[in-house]
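What follows is the residue order along each chain.
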Amino acid sequence: MSGDSDCTRTSPSAGSPSDNELLPDRPKYVCSLSPDLITKAREELQEKPEWRLRDVQALRDMVCKDYPSLGTCLDDAFLLRFLRARKFDYDRALQLLVNYHTCRRSWPEVFNNLKPSAIKPVLESGFVTVLPHLDPEGRHVVCIRPDRWTPSNYPITENIRAIYLTLEKLIQSEETQVNGIVILADYKGVSLSKASHFGPFVAKKVIGILQDGFPIRIKAVNIINEPRIFKGIFAIIKPFLKEKIANRFFLHGCDLNSLHQNIPPVILPEEYGGTSGKLDISAWNELLLASEEDFLHDFSQLVLPCDSSPHDILVSGDADEKQCDDSLRGMKPQLYYCY
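Rules used throughout
Residues numbered from 1 in each chain as written. Predicted model: local features only at pLDDT ≥ 70, side-chain atom pairs only at ≥ 80, totals over all residues. Heavy atoms only, no water. Helix = DSSP H or I, 4+ residues; strand = E, 2+ residues; numbered from the N terminus. Contact = heavy atoms within 4.5 Å. pLDDT = per-residue confidence, 0-100. Buried < 20%, exposed > 50% of the residue type's maximum accessible area, 1.4 Å probe, protein only. Axes fitted to C-alpha atoms, helices over the stretch in contact; angles between N-to-C directions. Parallel < 35°, antiparallel > 145°, perpendicular 65-115°, else oblique. Nonpolar A, V, L, I, M, F, W, Y, C, P; charged D, E, K, R; others polar. Left-handed = near helix turned anticlockwise from the far one by under 90°.

Enquirer: An account of the overall build of the protein is requested, with residue identities and associated values reported.
Expert: Along the protein, the regular secondary structure elements total 19 helices and five strands. Taking as baseline every contact in the protein between residues at least 6 positions apart, the subset at least 24 positions apart corresponds to 78%.

So, in structure tokens, the structure goes:
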């Protein structure tokens with residue numbers, strides 16, 4: 001479905017009532033939040049249930065007016081993700097939505113043919129999974145283990161695809177939209193050769209997606225078992241991080257007690273000093289792979305109209321890429337120094 005046809009359908013000034021009656025109705029939004037989460041959304045996200053659909057329509061109207069060729073889904077539930085991620089600030093939510101599409105269209109190696117079955121080897125490796133239990137704040141914990149990746153098997157972009165699909169699945173939940181997520185990254189066994197794959201260009205792209213191009217609230221990033229080489233990795237990442245996000249990074253080293261201050265042992269697997277049994281990746285893999293048809297349907301609505309090009313919407317990133325290239329020249333000496 002193109003952005004033009006979506007906007008034509010929703011614009012108050014477009015067509016007569018009889019014309020619009022011929023078009024299928026959008027899925028009606030039904031709130032699934034508990035009373036406690038409705039209160040939390042009101043207090044933390046400025047979400048007022050009585051104004052919710054009015055706010056969604058306001059964002060929809062802005063898209064149709066300012067970006068008629070965006071080619072986005074305009075359903076209530078989809079737009080609500082962006083409003084919640086930006087605390088119902090219309091302008092910031094609109095920019096996030098545009099950035100979401102910018103990221104998808106400017107990195108084809110990641111976003112072409114993006115579906116769970118295409119990243120099955122990554123899932124089976126255990127590179128990324130989601131712990132089965134929520135933390136005390138009701139947040140999912142995304143566990144990333146770079147040591148499970150063998151670079152000779154597939155490029156680093158496959159790992160990024162797996163992380164992205166994981167986030168897409170999580171953000172379907174209204175509870176996650178309100179509570180956010182926590183990341184647990186285990187850098188045990190990460191070598192210099194493996195770290196060198198994560199250069200400034202990739203770092204900037206990934207950070208750009210997580211900070212400004214995806215409607216999810218990352219509440220904490222816990223790093224454990226990081227080797228000395230991580231100083232070099234973090235030095236690459238940090239210039240691209242906003243201060244608020246940088247302050248949510250916690251480096252625990254090998255200190256499990258430190259980790260347990262942020263993530264309680266009761267929801268952690270035995271590998272991280274927890275009491276919830278061995279880390280099991282099968283449940284999450286099965287859930288994600290079973291969502292193949294849902295992803296194909298959802299992503300089919302995020303298409304660029306045939307009479308448009310990405311440059312109609314996107315701003316050239318030549319200057320940013322040059323900055324990344326300049327940073328790349330100094331990356332390996334810095335990594336070797338830290339190693």
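Enquirer: How would you sum up the confidence of the model for the protein? Please name residues and give values.
Expert: The pLDDT averaged across the protein works out to 85; a share of 82% of its residues lies at or above 70. Contacts for the low-pLDDT stretch residues 8-24, under 50 throughout, to residues beyond four places or in other chains number 15 contacts. Segment residues 305-339: pLDDT under 50, and 47 contacts once partners within four positions in sequence are set aside and those in other chains are kept.

Enquirer: A description of the side chain of Glu-158 should follow, citing residues and the corresponding values.
Expert: Mapped onto the elements of the fold, Glu-158 is located in helix α9 (residues 156-170). On the basis of relative accessibility, which here comes to 17%, the residue Glu-158 falls in the buried class. Glu-158 has contacts with Ala-118, Ile-119 and Val-122, leaving out every residue within four places of it along the chain.

Enquirer: Explain the packing of helix α4 (residues 52-66) against helix α5 (residues 76-85) to me, using residue names and the numbers behind them.
Expert: Close contact between α4 and α5 brings their axes to 9 Å; oriented N to C, the two are set at 90 degrees. Classified by the angle their axes make, α4 and α5 are roughly perpendicular. Judged by residue contacts, Arg-52, Leu-53, Asp-55, Val-56, Leu-59 and Arg-60 of α4 engage Asp-76, Leu-79, Leu-80, Leu-83 and Arg-84 from α5. Class assignment of the residues belonging to the contact of α4 with α5 gives a composition of six nonpolar, no polar and five charged.

Enquirer: Talk me through the packing of α5 against helix α6 (residues 90-106); I want residue IDs and the actual numbers.
Expert: In contact at an axis separation of 8 Å, α5 and α6 are set at 120 degrees when each is read in the N-to-C sense. With respect to their mutual orientation, α5 and α6 come out oblique. Relative to α6, the crossing made by α5 is right-handed. Facing Phe-78, Leu-79, Phe-82, Leu-83 and Ala-85 of α5, the residues of α6 in contact are Tyr-90, Ala-93, Leu-96, Leu-97 and Tyr-100. Residues that form the contact of α5 with α6 fall into these classes: 10 nonpolar, no polar and no charged.

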